[in-house]
Amino acid sequence: GIECPAQKFRSIVHFCSKPAMNIDGLGPSIIDLFIKKGLISTIADLYYLYNKRDEMVTLEGFGEKSSEKLIGAIESTKTNGLARLLVGFGIRHVGARAGKLIAENFEDMDSLMKADLGDLTAIDEVGDIMAESIVRFFENPQTKHLLDRLKDAGVSMKSLDYGAVKTGVFLGKTFVLTGTLTGLKRDEAKKLIEDNGGKTSSSVSSKTDFVLAGSDAGSKLTKAQELGIKIINEEEFLQMVGDVND
């Protein structure tokens, strides 16, 4: 379960990470310190740290100012929404892409908890294995306890993506990224693709529509050439985005 003592360090680090809740200033070393000092033992404890200011300021590297800054950073994530929470929980097979897809189809955490396998697999890209993992996660009593504590702390369980209408120049198109891009980071390119209705994949197949190739592209580029898939460079990609966003 998500509150298992043996997993607490790893689960809290993941929850705070950039792809998940993105809690600024709360890295592995600080999390380890807080656990050892008994300030936190589960994800939910993060949102109750404001009650332990007096203990925090006695720790090495923590004064009044740094403690308040960290508490503020934690508080600001209360409105991150359903998608980031799902990623933060570390549910097997649920990454950032899956979290967003699920959040587009469920209004809040309560409605997701009531979903069965059929409801989940009806979502494009959600297969049986992922659906089973989600259902098992919500069936675990530890999950209910965690959610109750997060709700009591004021963490929003609502989706920021529910009912989003998918549009854009890349609607229904699948991209594979390979090589090094010069003007964009890989995550920035992926976001542009998703914001414009497309999706990304890690491997080239007959279902791939575009391969976005940077410098030092390897086997993925070769396979795309063999399959006759359209290959574009960064400049062509940005031009495609710019044609609809100008």
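These lines cover the structure that appears in this document, whether it is placed above or below.

The rules we used
Residues numbered from 1 in each chain as written. Predicted model: local features only at pLDDT ≥ 70, side-chain atom pairs only at ≥ 80, totals over all residues. Heavy atoms only, no water. Helix = DSSP H or I, 4+ residues; strand = E, 2+ residues; numbered from the N terminus. Buried < 20%, exposed > 50% of the residue type's maximum accessible area, 1.4 Å probe, protein only. Contact = heavy atoms within 4.5 Å. Expected span 1.5 Å × (residues − 1). Salt bridge = Lys/Arg side-chain N within 4 Å of Asp/Glu carboxyl O. Core = buried A, V, L, I, M, F, W, Y, C linked by side-chain atoms within 4.5 Å. Phe/Tyr/Trp six-rings, centres within 6.5 Å; stacked < 30°, edge-to-face > 60°. Pairing = 2+ DSSP bridges. Axes fitted to C-alpha atoms, helices over the stretch in contact; angles between N-to-C directions.

Here the focus is the overall build of the chain. Each helix and strand in the chain was counted, giving 13 helices and four strands. Along the longest, intermediate and shortest principal axes, the C-alpha atoms of the chain span 60 × 45 × 35 Å. In the chain, buried positions account for 41% of the 246 residues. Within the chain, counting contacts between residues at least 6 apart in sequence, those at least 24 apart form 63% of the total.

Further remarks concern helix 9 (residues 128–139). In a regular helix each residue adds 1.5 Å, so 12 residues correspond to 16 Å; helix 9 covers 16 Å between its end C-alpha atoms and thus fits that length. Buried within helix 9 are the following residues: Met130, Ala131, Ser133, Ile134, Val135, Phe137 and Phe138. Those residues of helix 9 that are buried lie in contact with helix 5 (82–88), helix 6 (96–105), helix 7 (109–113), helix 8 (117–121) and helix 10 (141–152).

Structurally, serine 202 is set in the loop between strand 2 (199–201) and strand 3 (210–213). Separated by 27 residues in the primary sequence, serine 202 and phenylalanine 175 have C-alpha atoms spaced 8.6 Å apart.

Time to look at the side chain of serine 159. Along the chain, serine 159 falls in the loop between helix 10 and strand 1 (174–178). Its relative accessible area of 14% is what places serine 159 among the buried residues. Every residue in contact with serine 159, bar those within four places of it in the chain, is listed here: Leu82, Ala103, Glu104, Phe106, Glu107 and Asp108.

Turning our attention to the pattern of salt bridges. Scanning all chains against the criterion turns up 11 salt bridges. Of the charged contacts, one joins glutamate 104 and lysine 100 as a salt bridge, the two residues approaching to 3.1 Å between their closest N and O atoms. Placement of both glutamate 104 and lysine 100 in helix 6 is noted, with a separation of four residues, approximately one turn of the helix. Here aspartate 110 ties to lysine 151 by a salt bridge, and the two come within 2.9 Å at their closest N and O atoms. Of the two residues, aspartate 110 is situated in helix 7 and lysine 151 in helix 10; the sequence distance between them amounts to 41 residues. Via salt bridges that share partners, Arg97, Glu125 and Lys199 belong to a single interconnected network.

As a further point, take the nonpolar core. Judged by nonpolar contacts, the single largest core of 52 residues is most densely connected at Phe34, Leu46, Tyr47, Phe89 and Met109. Only helix 1 (8–16), helix 2 (28–36), helix 4 (64–76), helix 5, helix 6, helix 7, helix 9 and helix 10 provide two or more residues apiece to this core. Element by element, the count of residues in this core is highest for helix 9, at six residues. Counting residues in hydrophobic clusters, the runner-up holds 12 residues, among them Phe170, Leu177, Ala189 and Ile193.

Aromatic rings in a pair are described by how distant their centres are and how their planes are angled relative to each other. Considering all chains together, one arrives at nine aromatic pairs under this definition. With 6.0 Å between their ring centres and 75° between their planes, phenylalanine 175 and phenylalanine 237 make a pair best called edge-to-face. Of this pair, phenylalanine 175 sits in strand 1 while phenylalanine 237 sits in helix 13 (residues 234–245), placing them 62 residues apart in sequence. Each residue in the set Phe15, Tyr47, Phe89, Phe137 and Phe138 is aromatic and connected to the rest through ring pairs, giving one cluster.

Where strands meet in a sheet, backbone hydrogen bonds hold them as pairs that are either parallel or antiparallel. The four strands lie next to each other as 2-1-3-4, forming an open sheet whose pairing is parallel. Of all the strands in the sheet, the pair left with one neighbour each is strand 2 and strand 4 (230–232). Neighbour to neighbour, the strand axes of the sheet diverge by 35° on average, direction disregarded. Pairing between strand 1 and strand 2: three bridges, direction parallel. Bridge assignment links phenylalanine 175 to a residue of strand 2, and that residue is threonine 200. Along the sheet face, helix 12 (residues 219–227) touches strand 1, strand 3 and strand 4 and points at about 135° away from the line of strand 1.

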